[in-house]
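# Chains, contacts and geometry: an overview
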Amino acid sequence: MGLRPPHCWGGGRGGNDGPGGYMWLGSLGDPGPRGCGDEDSTVPGDGCPRGPSRVLARIRERRRLMGHVSLAHSCFCGVSARFMEPYIFGSRLDQDIIDLEQTAVHLQLALNFTAHVAYRKGIILFVGRNRQFSHLIETMARDCGEYAHTRYFKGGLLTNAPLLLGPNVRLPDLIIFLHTLNNVFEPHVAVRDAAKMQIPTVGIVDTNCNPCLITYPVPGNDDSPPSVRLFCRLFQTTITRAKQKRRQMEALYRLQGQEGPGARGQGPAALPSLAA
Amino acid sequence: MAAPCVSCGAPLSYRLFLGGRVSFARRHGVWKAAAAELQIGAGSQILRLRHTTGVTTKKNVAALRRETYTVDFIKKQIEEFNIGKRHLANMMGEDPETFTQEDIDRAIAYLFPSGLFEKQARPIMKHPEQIFPKQRAVQWGEDGRPFHFLFYTGKQSYYSLMHETYGKLLDVEKRQNQLQAKGLFSENTKTKDLIGSRWLIKEELEDMLVEKLSDQDYAQFIRLLERLLTVQRDAEEEFVQQFRRSVTIQSKKQLIEPLQYDEQGMAFSTSEGKRKSARAKAVVYEHGSGRIKVNGIDYLLYFPVMQDREQLMFPFHFLDRLGKHDVTCTVAGGGPSSQAGAIRLAMAKALCSFVTEEEVEWMRQAGLLTTDPRVRERKKPGQEGARRKFTWKKR
């Protein structure tokens, strides 16, 4: 692969956690200016909600390059290891290091998709089984106005929903996995069930995870607090902005409707669509 | 699931499915309705019950099982109950405005006398809130989005409670860390609040959350609360007190009857005693010559058997006060021996007020102050008596 410039190495900050073997690399890059002016930038004028995601992508890269997210994980031999090979940059001292440029691309797609789903008032369910972050994920979901499930996953929750949840229940339109594995280091049941129920999934896949069934996998570290907090914050911002955008557009339509039918001609043209 | 019975319709069957707790009470939907509609005479409740279930197609069998009571249905039931109550009051000739639940129960027992042994199987007429189990309203709005952020876990109230408690625990820990960092240590002053109270039991928690819990869930929750209290004893008092119930501590001390004085100035003390099915009340006078009157009859004539008279003698003999007290007692129920035992207990309890605490303790150790818990054991079917089996024949 050759030597990459140092700014591509992921560095870790923050406390040591998780079982032994997850080492933190010292941050090699200069911290640089903390506050990103981009985050406060106004939403682009076009109605497409992809705008905020592009903005966010720039922030993310800068942040990650500043070393807020550790992307190291111990070498794992197993079925998943083969599937995660394309995402792995290399390994150093028995730690697999995830390729950040690929992560950026995948994260861009995932956030874009999330923003679209949130814009179209879809139900988003956050799933994660690491008990350390259970409280954080639930708080984040509540603040977004979306839903979370970081508890024991009952067998037929998605596949047998009418019986477990109620006769005419509406299933989630998107499931976001902050931890793809459950506490026994096996793939979470919801991954398979969502694929069965044709629910798109976004998931943060670590080097010991299987990204096969996930629609928008995002290679990244799911064990360390700073990285999980970063992902939580990103999803939260995306969803809140998409909803804001939706409210703005609805207000705009109401105004246009009040002005008269003449203004309606512009309506369909400005309608954002996934294909746009 | 039991086949729906013709008269009561499907609500009966799925009530049994929902839980045995109200299974008996359910049948009385018919009784209650009958009582209420007796005067009205308009279309019987029985028929109406059959129609509320709706058409069941093959697709909706699973939905029928969990059919819930709509808010309108419950409201209608409450209205009907109130109207029925007024009619019942009129029937009994009482004032409808001041007709309480006890009056209703008495009226129903009078109008529908039942020879059934099981109290819960008899006709009842109670407020619908007590009959229909509490159920949750629909959990999502018109657009299908659930109201609660933990809806998709299945146990939303329980998990949101855990989430809240854990949040409080984190806050308390943070505050403690801050205090410790500054060097100020809080003192535990309020340890007494938890004495005399116990944690909620699982059933009470289920009622509070209107949700079924497993034993592990309940244990986990109690453990979390205990953890919160270990960090800081008086943390989040109102929150913790929600899950505390007071326990009446029964004092093990012997209750000593206070002395009373009659017209002549003679001190006396009364108390009660029981044995098997005999109930006795004894009045022991301070100064006397050892006369005992039972139901107005002298004890020598009332208890011809020596053993019974010995029983009466025992408390006085124990305290060496044989000829020093006069006793008047009344006794009812039981046979001669149990009446004697009941009077003995009553006299011993009454004597406590004339005697030192040390002697009271001696009496207690001698067994004079303990109610004999033995009662007649019932005869079982397939046996000749309570324990005796039929003669075993080899062939």
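Residues numbered from 1 in each chain as written. Chains lettered and ligands numbered in written order. Predicted model: local features only at pLDDT ≥ 70, side-chain atom pairs only at ≥ 80, totals over all residues. Heavy atoms only, no water.

### Quick word on the overall build of chain A
In terms of regular secondary structure, chain A is built from 8 helices and 8 strands. Buried residues in chain A amount to 52% of all 276 residues. Summarising the internal contacts of chain A: among those between residues at least 6 apart in sequence, 66% fall at separations of at least 24. (Helix = DSSP H or I, 4+ residues; strand = E, 2+ residues; numbered from the N terminus. Buried < 20%, exposed > 50% of the residue type's maximum accessible area, 1.4 Å probe, protein only. Contact = heavy atoms within 4.5 Å.)

### A look at the overall build of chain B
Tallying secondary structure elements over chain B gives 15 helices and 8 strands in all. The buried share of chain B, taken over its 395 residues, is 36%. If you take every contact in chain B between residues at least 6 apart in sequence, the share linking residues at least 24 apart comes to 63%. About 25000 Å² of surface is accessible on chain B, with carbon and sulfur atoms providing 54% of the total. (Areas by Shrake-Rupley, 256 points an atom, 1.4 Å probe, with all protein chains shown as cover.)

### So, a nonpolar patch on the surface
All names here are of chain B. Side chains of M91, Y110 and L111 sit close together on the surface and give an oily, nonpolar patch of about 300 Å² of accessible area. Examined against the element boundaries, Y110 turns out to sit in helix α6 (residues 101-111). Classification of Y110 as exposed rests on a relative accessible area of 60%. (Patch = residues over 30% accessible without salt bridge, like charges linked within 9 Å, V, L, I, M, F, W, Y side chains within 5 Å. Salt bridge = Lys/Arg side-chain N within 4 Å of Asp/Glu carboxyl O.)

### Remarks on the nonpolar core
Membership of the largest hydrophobic core comes to 31 residues, with the highest contact counts inside it found for I124, F126, L178, F231 and F235 of chain A. Of all the elements, helix α7 (residues 225-259) of chain A adds the most residues to this core, at 9 residues. Discounting chain neighbours no more than four positions away, the residues touching L178 of chain A are F126, V127, I137, M140, I204, D222, F231 and C232 of chain A. Membership of the second largest hydrophobic core comes to 29 residues, among which are L312, A342, M347 and L368 of chain B. (Core = buried A, V, L, I, M, F, W, Y, C linked by side-chain atoms within 4.5 Å.)

### Some words on the packing of helix α5 (residues 71-92) of chain B against α6 of chain B
Helices that pack against each other are described as a pair by the angle of their axes relative to one another and the distance between those axes. Residues and elements named next belong to chain B. Closest axis-to-axis distance for the α5/α6 pair is 10 Å, and the angle between their directions is 65°. The chirality of how α5 crosses α6 is left-handed. Where α5 abuts α6, its residues F81, K85, L88 and M92 lie against Q101, I104, A107, I108, Y110 and L111. Residue composition of the contact of α5 with α6, grouped by class: 8 nonpolar, 1 polar and 1 charged. (Axes fitted to C-alpha atoms, helices over the stretch in contact; angles between N-to-C directions. Left-handed = near helix turned anticlockwise from the far one by under 90°. Nonpolar A, V, L, I, M, F, W, Y, C, P; charged D, E, K, R; others polar.)

### Regarding the interface of chain A and chain B
Taken together, the contacts link 27 residues of chain A with 20 residues of chain B. Roughly 2200 Å² of surface becomes buried between chain A and chain B when both sides are summed, with 59% attributable to carbon and sulfur atoms. Remark: the boundary between chain A and chain B carries 1 salt bridge. A salt bridge links E146 of chain A to R145 of chain B; its shortest N-O distance comes to 2.9 Å. At the level of elements, α4 (134-144), β5 (147-149) and α5 (161-164) of chain A are the ones that each hand at least two residues to the side of chain A that touches chain B. Top element by residues in the side of chain A that touches chain B is α4 of chain A. It accounts for 4 residues. Classifying every residue of the side of chain A that touches chain B gives 12 nonpolar, 7 polar and 8 charged. (Buried area = accessible area lost by both parts, 1.4 Å probe.)

### Regarding the pattern of salt bridges
Inspection of every chain in the model, using the stated rule, returns 22 salt bridges over all chains. Through salt bridges that share partners, K121, R246 and E250 of chain A make up one connected network.

### Comments concerning helix α8 (residues 156-182) of chain B
Turn by turn, an α-helix covers 3.6 residues, leaving residues three or four places apart pointing in a common direction. Along its 27 residues, α8 of chain B runs 39 Å from first to last C-alpha, staying within 8% of the 39 Å computed at 1.5 Å per residue. Once α8 of chain B finishes, G183 of chain B follows within two positions and takes phi at roughly 95°, a positive value. (Expected span 1.5 Å × (residues − 1).)

### Things to note about the packing of aromatic side chains
Throughout the structure, instances matching the rule amount to 14 aromatic pairs over all chains. Residues Y147 of chain A and Y152 of chain B carry aromatic rings whose centres are separated by 5.6 Å and whose planes lie at 90° to one another, so their mutual orientation is edge-to-face. One end of the pair, Y147 of chain A, is in strand β5; the other, Y152 of chain B, is in the loop between α7 (128-131) and α8, on a second chain. Under the relative-accessibility criterion, Y152 of chain B is labelled buried at 1%. Judged by centre distance (5.8 Å) and plane angle (75°), the rings of W140 of chain B and F151 of chain B are edge-to-face. Taken together, the positions of W140 of chain B in the loop between α7 and α8 and F151 of chain B in the loop between α7 and α8 put the pair 11 residues apart, joining distant regions of the chain. On the basis of relative accessible area, F151 of chain B is assigned to the buried category, the value being 4%. These aromatic residues form a ring-pair network of at least three members: Y147 of chain A together with W140, F151 and Y152 of chain B. One Lys or Arg, R82 of chain A, reaches over the ring of F83 of chain A and ends 5.5 Å from the middle of that ring. The ring centre of Y119 of chain A lies 5.5 Å from the NZ or CZ of R246 of chain A, which sits over that ring. (Phe/Tyr/Trp six-rings, centres within 6.5 Å; stacked < 30°, edge-to-face > 60°. Lys NZ or Arg CZ within 6 Å of the ring centre and 35° of its normal.)

### A short note on the confidence of the model for chain B
All names here are of chain B. Here chain B averages 82 in pLDDT, while 81% of its residues score no lower than 70. Confidence drops under pLDDT 50 across residues 1-52; counting only partners more than four residues distant or on other chains, this segment forms 76 contacts. This prediction of the complex comes with two scores: 0.65 for pTM and 0.73 for ipTM. (pLDDT = per-residue confidence, 0-100.)

### Here's the deal with the pairing of strand β4 (residues 267-275) of chain B
Residues and elements named next belong to chain B. Of the pairings in the sheet, the one linking strand β3 (residues 260-261) to β4 comprises 2 bridges and is antiparallel in character. Among the inter-strand pairings, Q260 is bridged to a residue of β4, identified as F268. Adjacent in sequence and paired antiparallel, β3 and β4 are bridged by 5 residues, among which G265 carries a positive phi angle near 90°. Where β4 hands over to strand β5 (residues 278-285), the hairpin turn is made up of 2 residues, of which K276 adopts a positive phi near 50°. (Pairing = 2+ DSSP bridges.)

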